[in-house]
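# Inside the fold
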Amino acid sequence: MLVWAVYYYAYGNDRVTSDTFRFFDDGLILYESFFAAPSTFFQVMTGIVWDASAHQALVDQTNNWYKTYNYGIFNDNQTIIPPAILLQKSNTECHFGCPSNS
């Protein structure tokens, strides 16, 4: 546990390099696009593109949808970001220890 805490403090809390923040932030961009432009959201999520300019504009807003380097292997970023979208909704609700309204 101590090793994890030291690692997180030293390396893991940078929003640009930390995997947790990188994918969560891209998930937030796509989550917000669901309400602003649902058809574009579904184009990105399904890979079925009928409006290439809207699709590319949304993907360009993300930082990690496409890798900056390519080793010829599967790009798992596009697999990891969609579950981060589901976390957006659960992150906005209070599950435990909610303050009372009284």
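Everything that follows concerns the structure shown earlier in this document.
Summary of the structure given here. In this text the structure is predicted, and so the values were computed from the model without any measurement. (Residues numbered from 1 in each chain as written. Predicted model: local features only at pLDDT ≥ 70, side-chain atom pairs only at ≥ 80, totals over all residues. Heavy atoms only, no water.)

## As for the side chain of T40
To be explicit about the condition: Going along the chain from the N terminus, every DSSP run of H or I of four or more residues is numbered as a helix, and every run of E of two or more is numbered as a strand. The cut-offs for exposure are 20% and 50% of the maximum accessible area for each residue type, with area from a 1.4 Å probe on protein chains only; residues under the lower value are buried, those over the upper are exposed, and the others partly exposed. Any two residues whose heavy atoms approach within 4.5 Å are treated as being in contact.
The residue T40 is located in helix α3 (residues 38-46) in this model. Exposure remark for T40: the relative accessible area of 9% places this residue in the buried category. Excluding anything up to four places from it in sequence, T40 contacts A54, H55 and L58.

## A short note on helix α2 (residues 19-36)
An α-helix turns once every 3.6 residues. As a result, residues three or four positions apart point the same way. The condition is simple: Expected helix span is taken as 1.5 Å per residue step, with the number of steps being one fewer than the number of residues.
The end-to-end C-alpha distance of α2, which contains 18 residues, comes to 26 Å, matching closely the 26 Å that a straight helix rising 1.5 Å per residue would cover. Looking at α2, one finds that the buried residues are F21, R22, F23, D26, G27, L30, Y31 and S33.

## Observations regarding helix α4 (residues 52-61)
Operational definition: Throughout, the arc means that of the directions going from the helix axis to the C-beta atoms.
Looking at α4, one finds that the buried residues are H55, L58 and V59. All buried residues of α4 lie within an arc of 95° about the axis, which places them on one face of the element. Residues S53 and D60 are exposed on α4 and point more than 90 degrees away from its buried face. In this structure, the buried residues of α4 make contact with α2 and α3.

## Let's talk about a nonpolar patch on the surface
We count it as follows: Within the patch definition used here, like charges are joined within 9 Å and nonpolar side chains (Val, Leu, Ile, Met, Phe, Trp, Tyr) within 5 Å, considering only residues with over 30% relative accessible area and no salt bridge. Using a 1.4 Å probe, accessible areas were evaluated by the Shrake-Rupley method; residue-level cover was limited to the displayed protein chains. The term salt bridge refers to a pairing of a side-chain nitrogen on Lys or Arg with a carboxyl oxygen on Asp or Glu at a separation within 4 Å.
Nonpolar side chains collect at one region of the surface, where F34, F35, F42, I48 and W50 lie side by side and expose about 570 Å² of accessible area between them. Among the structural elements, F35 can be located in helix α2.

## Considering the packing of aromatic side chains
In plain terms, the rule: Two rings from Phe, Tyr or Trp (for Trp, the six-membered ring) form a pair when their centres are within 6.5 Å of each other. A pair whose planes differ by under 30 degrees is stacked, one over 60 is edge-to-face, and the rest are tilted. We count a charge as sitting over a ring when the NZ of a lysine or the CZ of an arginine lies within 6 Å of the ring centre and within 35 degrees of the ring normal.
Inspection of every chain in the model, using the stated rule, returns five aromatic pairs. Where F34 meets F35, the ring centres are 5.1 Å apart and the plane angle is 80°; that geometry is what we call edge-to-face. By relative accessible area, F34 is classed as partly exposed at 32%. We classify F35 as exposed; its relative accessible area is 55%. Ring geometry for F41 and F42: centres 5.3 Å apart, planes at 80°, overall edge-to-face. Judged by relative accessible area, which is 9%, F41 ranks as buried. F42 gets classed as partly exposed once you look at its relative accessible area, which sits at 40%. Ring pairing ties together the aromatic residues Y31, F34, F35, F41 and F42, which thus form one cluster. Lying over the aromatic face of F23, R22 brings its terminal NZ or CZ to 5.0 Å of the ring centre.

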